[in-house]
Amino acid sequence: MLFGRRNKNPIRLHDKGVVEWRYTTCGYCSTGCSIEVGLDREGRPVSARGVGGADVNRGKLCLKGILEYELFRTPGRGAHPLMRAHRTEPFRRVSWDEALDRVAEEIKRIQARYGRDAFAILSTGQIMTEEFYTLGKLARGVIGTNNYDGNTTLCMSSAVSGYKRSFGSDGPPGCYEDFEHTGCLIAVGSNLPEQHPVIYWRLREARERRGFPLIVVDPRVTMLAQQADVHLAIEPGTDVVLFNALAHVILKEGLADMDYVRRHTTGFEDFAAEVERWDPDRAARITGIDADTIRHVARTFGQAESAMVIWTMGINQSTHGSDGVVAINNLCLLTGNVGKPGGSPLSITGQCNAMGTREWSSCSGLPGYRLLENPEHREEIARFWGVDPEFFPKRRGMFMTDIFRAIETGRVKGLWLIATNPMTSMPNTERIRRTLEKLEFLVVQDAYEDVETNQYSHVYLPAALWAEKEGVFTNTERRVNLIRNVCPPYGESKPDLWIFNQIARRFEQGRRMRFPETPRQVFEEMKQLSKGRLVDISGMDYEKIEAQRGIQWPCPEGQEKGSPRLYTDGRFQHPDGKARLIPLPFEDNNERPDEEYPFWLNTGRVVEHFHTRTRTGKIGNLNRFSPTPYMEMNPDAARELGIEHMSYARVTSRRGDAVVLVQLTHRVPRNMVFIPFHFHDCVNRLTLGLLDPHSRQPAYKQCAVRVEPAPDQQAAARRNLAARAY
Ligand SMILES: Nc1nc2c(c(=O)[nH]1)N[C@H]1C(S)=C(S)[C@@H](COP(=O)(O)OP(=O)(O)OC[C@H]3O[C@@H](n4cnc5c(=O)[nH]c(N)nc54)[C@H](O)[C@@H]3O)O[C@H]1N2
Ligand SMILES: Nc1nc2c(c(=O)[nH]1)N[C@H]1C(S)=C(S)[C@@H](COP(=O)(O)OP(=O)(O)OC[C@H]3O[C@@H](n4cnc5c(=O)[nH]c(N)nc54)[C@H](O)[C@@H]3O)O[C@H]1N2
Ligand code: SF4
Ligand SMILES: [Mo]
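Small disclaimer: the values here were computed from a predicted structure and weren't measured. All residue numbers here refer to positions counted from 1 along the written sequence of the relevant chain. Chains carry letters and ligands carry numbers; both start at the beginning, A for chains and 1 for ligands, and go up in the order they are written. Only residues with pLDDT of at least 70 get local features here, since the model is predicted, and only at 80 or more are side-chain atom pairs given and counted; chain-wide, interface and lining totals rely on the full set of residues. To obtain the side-chain values, all non-hydrogen atoms of the structure were included, while hydrogens and water were left out.

(A) Looking closely at the pairing of strand 5 (residues 45-50). Note on classification: 1.4 Å probe, protein chains only; a residue is buried when its accessible area is under 20% of the maximum for its type, exposed when over 50%, partly exposed between these limits. In DSSP terms, a helix is any run of H or I states spanning at least four residues, a strand is any run of E spanning at least two, and both are numbered starting from the N terminus. Of all six residues in strand 5, five are buried; the element is thus mostly enclosed. Relative to strand 5, strand 4 (residues 34-39) runs antiparallel, the two being bridged by five bridges. Residue pairing in the sheet places glycine 38 in a bridge with serine 47 of strand 5. Pairs of strands are assigned from DSSP output, requiring at least two bridges between the strands. Where strand 4 folds back on strand 5, the antiparallel hairpin that results is connected by five residues, among which glycine 43 adopts a positive phi of roughly 80°.

(B) Inspection of the sheet that holds strand 19 (residues 471-474) at higher detail. Pairing is antiparallel in the open sheet, where three strands are placed in the order 19-20-21. Pairing within the sheet leaves two strands with one partner each, and these edge strands are strand 19 and strand 21 (551-552). In this structure, strand 19 lies alongside strand 20 (residues 479-483), joined through four bridges in antiparallel fashion. Counted as the bridge partner of valine 472 is leucine 482 from strand 20.

(C) Structural view of the sheet that holds strand 28 (residues 703-709). Strands sit in the order 23-27-24-26-25-28 around a closed barrel of six strands; the barrel is mixed. In this sheet, neighbouring strand axes are inclined to one another by 45° on average, regardless of whether the strands run parallel or antiparallel. In this sheet, strand 28 lies alongside strand 25 (residues 648-652) in antiparallel orientation, the contact comprising four bridges. The residue of strand 28 that forms the bridge with valine 651 is valine 707. Every axis corresponds to a line fitted to the C-alpha atoms, with the helix fit spanning only the stretch in contact, and the corresponding angles, defined between N-to-C directions, vary from 0 to 180 degrees.

(D) Focus on the site of ligand 1. Working definition: residue near molecule or strand if any one of its non-hydrogen atoms lies within 4 Å of it. Every one of the 35 residues lining ligand 1 counts as a neighbour, but Gln195, Asp218, Gly237, Arg605 and His609 are closest to it. Pairs of N or O atoms are called polar contacts if they sit within 3.5 Å, as long as, within protein, a hydrogen donor faces a hydrogen acceptor (for residues adjacent in sequence, only side-chain-to-side-chain pairs). One of the side-chain nitrogen or oxygen atoms of aspartate 239 is found 2.8 Å away from a nitrogen atom of ligand 1. Within the backbone of methionine 313, one N or O atom sits 2.8 Å away from an oxygen atom of ligand 1. Per-residue accessibility takes into account occlusion by the displayed protein chains alone, with areas from the Shrake-Rupley method and a 1.4 Å probe. Considering ligand 1 on its own, with 920 Å² of exposed area, one finds that the protein chains cover 100% of that surface. If you list the elements that add at least two residues to the shell around ligand 1, you get helix 5 (192-195), helix 13 (313-316) and strand 23 (599-604). Classes in brief: Ala, Val, Leu, Ile, Met, Phe, Trp, Tyr, Cys and Pro nonpolar; Asp, Glu, Lys and Arg charged; the others, Gly included, polar. Of the residues assigned to the shell around ligand 1, the class counts are 11 nonpolar, 17 polar and seven charged.

(E) Geometry of the environment of aspartate 450. By secondary structure assignment, the location of aspartate 450 is in the loop between strand 17 (441-446) and strand 18 (459-462). Take aspartate 450: its relative accessible area is 38%, and that puts it in the partly exposed class. Distance from aspartate 450 to arginine 77, taken between C-alpha atoms, is 7.3 Å for residues 373 residues apart in sequence. For this analysis, residues touch if any pair of their heavy atoms sits within 4.5 Å. When neighbours within four sequence positions are excluded, aspartate 450 is seen to be in contact with Pro75, Gly76 and Lys618. A polar contact of 2.9 Å, which involves the side chain of aspartate 450, links it to the side chain of lysine 618.

(F) Summary view of the pairing of strand 4. Within strand 4, six of the six residues are buried, leaving the element largely enclosed by the surrounding structure. Here strand 4 shows no split at all, with Ser34, Glu36 and Gly38 on one side and Ile35, Val37 and Leu39 on the other all buried. Sheet topology note: the strand 3 (residues 20-25)/strand 4 ladder contains six bridges and is antiparallel. Its bridge partner lying in strand 4, glutamate 20 is registered against leucine 39.

(G) Quick look at the site of ligand 2. Taken together, the neighbourhood of ligand 2 is formed by 34 residues, with Asn151, Asn421, Ser425, Asp446 and Thr612 sitting nearest. Between ligand 2 and alanine 464 there is a distance of 3.3 Å, counted from an oxygen atom to a backbone nitrogen or oxygen. At 2.9 Å, a side-chain N or O of threonine 614 approaches an oxygen atom of ligand 2. The fraction of the free accessible surface of ligand 2 (920 Å²) that becomes covered by protein chains is 99%. Tallied by class, residues from the shell around ligand 2 come to 16 nonpolar, 13 polar and five charged.

(H) Up close: the domain arrangement of the chain. For the chain, the domain assignment lists domain 1 (2-73), domain 2 (173-347) and domain 3 (599-724). Here the limits of each domain have been adopted from an automatic or database domain assignment. For domain 2 versus domain 3, the distance between C-alpha centres works out to 29 Å. Taken together, the contacts link 23 residues of domain 2 with 23 residues of domain 3. In this description, buried area is defined as the sum, over both parts, of the accessible area (probe of 1.4 Å) that is lost when the two are combined. For the pair domain 2 and domain 3, the summed buried surface comes to about 1800 Å²; carbon and sulfur atoms form 49% of the total. On the domain 2 side of the interface with domain 3, the three residues burying the most area are Arg220, Gln317 and Thr319, jointly 36% of the side's total.

(I) A look at unusual backbone geometry. Cis rather than trans, the peptide bond between tryptophan 553 and proline 554 has omega equal to -5°. Of note in the backbone geometry, arginine 613 takes a positive phi value of approximately 65° without being a glycine. Mapped onto the elements, arginine 613 comes out in the loop between strand 23 and helix 24 (620-623). Residue classification places arginine 613 among the buried residues on the basis of a relative accessible area of 19%.

(J) Quick peek at the packing of helix 3 (residues 129-143) against helix 20 (residues 496-505). For the pair helix 3 and helix 20, interaxial distance at closest approach is 9 Å and the crossing angle is 15°. For the element pair helix 3 / helix 20, the angle class is roughly parallel. Note on packing geometry: the crossing formed by helix 3 with helix 20 is left-handed. Seen from helix 3, the contacting residues are Glu130, Glu131, Thr134, Leu135 and Leu138; seen from helix 20, they are Asp496, Leu497, Phe500, Asn501, Ile503 and Ala504. Its residues placed into classes, the contact of helix 3 with helix 20 shows six nonpolar, two polar and three charged. With respect to orientation, any angle under 35 degrees is reported as roughly parallel, any angle over 145 as roughly antiparallel, any angle of 65 to 115 as roughly perpendicular, and every other angle as oblique. Working rule for handedness: look at the near helix, and if it is turned counterclockwise from the far one by less than a right angle, call the crossing left-handed; if clockwise, right-handed.

(K) Region of interest: the side chain of arginine 613. Charged residues are defined here as Lys and Arg on the positive side and Asp and Glu on the negative side; His and the ends of the chain fall outside this count. Salt-bridge detection follows one rule: a side-chain nitrogen of Lys or Arg within 4 Å of a carboxyl oxygen of Asp or Glu. One buried charge, arginine 613, has no salt-bridge partner; the nearest side chain with opposite charge is glutamate 452, at 6.1 Å. Reaching out from arginine 613, the side chain makes a polar contact with the side chain of asparagine 623 at a distance of 3.4 Å. Excluding anything up to four places from it in sequence, arginine 613 contacts Lys618, Asn623, Pro627, His678 and Phe679.

(L) Layout of the pattern of salt bridges. This structure, assessed with the given rule, holds 59 salt bridges. Across the pair glutamate 208 and arginine 204 runs a salt bridge whose closest N-O atoms are separated by 3.0 Å. A residue pair is termed a helical-turn pair when its members lie 3 or 4 positions apart in one helix, as glutamate 208 and arginine 204 do in helix 6 (residues 197-210) at four residues. The shortest N-O distance in the salt bridge between glutamate 525 and arginine 514 comes to 3.3 Å. With glutamate 525 in helix 22 (residues 519-530) and arginine 514 in the loop between helix 21 (508-512) and helix 22, this pair connects stretches of sequence that are 11 residues apart. By relative accessible area, which is 54% here, arginine 514 ends up exposed.

(M) Up close: helix 17 (residues 400-408). Counted residue by residue, helix 17 has seven buried out of nine residues, so it is predominantly covered. Listing the buried residues of helix 17 in full gives Met400, Thr401, Asp402, Ile403, Phe404, Ala406 and Ile407. For helix 17, the secondary structure elements touched by its buried residues are strand 8 (119-123), strand 9 (148-150), strand 16 (414-418), helix 18 (422-425) and helix 19 (429-437). Just downstream of helix 17, glycine 410 is the residue with a positive phi angle, here 90°.

Have a look at this one:
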């Protein structure tokens, strides 16, 4: 194909020889774009395109989705199971049977010696829902450890906890289509253009058509903030105060929907009494946002016909993460903006299937948003799975972040990591390293054998990735979408579902229970369990999902289409059917900048990379645009310290240090630096990760550091190495 002027440098696109397109859903972020992967005559994936008829992305993809088909052939993939007696020895290649036998034996040994909860399982938001459900059955019904959680504790835990406190259940009430109706949108700690490019595109298109006000709350001038009508550059960690003050103004000025509040909520008096204390002048001193701007934003939100709030990690990853979510829910309840077109508190999810794990993995309870604390739920699931209800714990066990502490103190002795890389992604790398070294047994199940955490394992299980298998993901707007199998698994790697089933078989109880082999059979089982629940998927099947390019739950049996919104009738999931307005006092409890460590360290992401780069670090057209760890720094602050653009600087916190390339930019204020977290042995050497009391999610975005020039990089590197050897 030729484009451009015929005689002068025409652009040639060579024919990739696609003979078949296969339907899948993107495996990176939670936007949930439908992708078709093109196969050539030999069945090799050679191209990808966005699906035009898919409501989510309407033909579009971001650069990660466009290049995702290249993943199947990236270096570092695990082709064979590996094993070693001690983590200081080299691995040897073993058969699947040997590796799986060893894992089952170690689980049994550790549980027999130290008790059932001494073996922990940590999973992810990045495998298929059918795999989550099966892992849950294995963890809760067969292995029976209560120390079973996932990396959603690093990510969505605050949103889950906040939704549960306000509405009685998890489940984002809104959808992308709300952009097409809303009269005002507040985006809090969410950088859509880089992190959810296709949601951003939907928002932008809606705004170009109708021009509703966009208010961005973020201490950084993100790309989204650059487009906002009002940008509130908030003091880190103080969002709860801002939302209390917005509620204060809305109540004072009679902008609340008191009819909605009376009919659908409880707790108004206590809530109003707390909010009364948060006048904009007081809030201004804490948040750094001037009082009149707070009043203006409150009026804009309160007067809009419908108004919505979206948020991501700027809220969740905080010592007030769960409270921040409740604060957002409070504001939406107060103005009657829940589950109405254009009016909802819509948490933007992170990983491709973080929703799938929340709904079905049993990490925080039992499948289908059931609770371990509820005897009827225990009974129901025990009967369905064929286990003794007394086998289930009566309340949920530790969160991921607490499990790591329990390894430190010796309560947990064995760990199974599935599709998560804590050596790079958890706060305080040195502490995590020492923690992993304490384990008697670590098994890592990952698509990549070069994943950093694998350096500390005894067994490595190579997993098939994304469209090397089949199943469903649920996206931010509760849309269940299908991944068709596009090509066979790499080397001898196996789908996670197969691995879970093989482990189940190695336990007596597992042999007595039903562990279906195909994802389709598992999906049928989940459908039965979903009947009558909020997360009802009984009206779906793979063909219907593919035909509609994804279906939003609830979709009960007999219903043709999904449901775009929750709580449209104002009935909530608390036993009394009402939502709760919850008072939120504020206590400032972060590590704050001081004389010795004068900068806020803020952390996050860039568009080219996904998390710890096991995948995107190996795709040429992603990695070459963002190849090195770098730091955004304000030019005025840099000048004072004698730090130049594109020079190296050493950043030090009370935990450790890191050397990064400096990029001078006014994106960050004078007392803040920002470093993306994608690179190993970099920003998470510095982070503190104080935990939210409700969600146990780490405050990745707030701690204190100092910065100094590092002109001699080799010396810096030597110091890093020496520090590590020590
Ligand atoms: N390209 C790419 N896309 C991704 C991912 C990826 O790794 N790469 N990961 C996916 C996942 S799992 C997730 S969770 C999402 C994350 O998506 P986002 O949350 O949008 O991304 P982050 O960059 O982590 O953080 C967002 C913003 O929070 C701001 N922030 C920091 N402190 C505060 C504060 O105290 N208050 C407020 N209001 N804001 C604050 C930061 O300045 C930052 O701009 O992205 C998903 N999409
Ligand atoms: N400083 C700082 N740290 C952060 C954050 C931050 O904003 N700042 N964000 C946090 C957030 S929101 C998140 S979600 C976490 C993410 O942290 P992690 O979950 O640790 O990061 P990933 O790199 O996504 O790890 C997923 C792993 O799963 C593997 N994998 C992919 N697909 C499959 C599969 O199908 N099967 C199996 N078995 N393996 C597979 C990948 O190779 C990869 O190793 O990081 C957290 N860490
Ligand atoms: S926006 Fe998210 S889901 Fe869509 S192609 Fe990009 S990474 Fe994939
Ligand atoms: Mo995340």
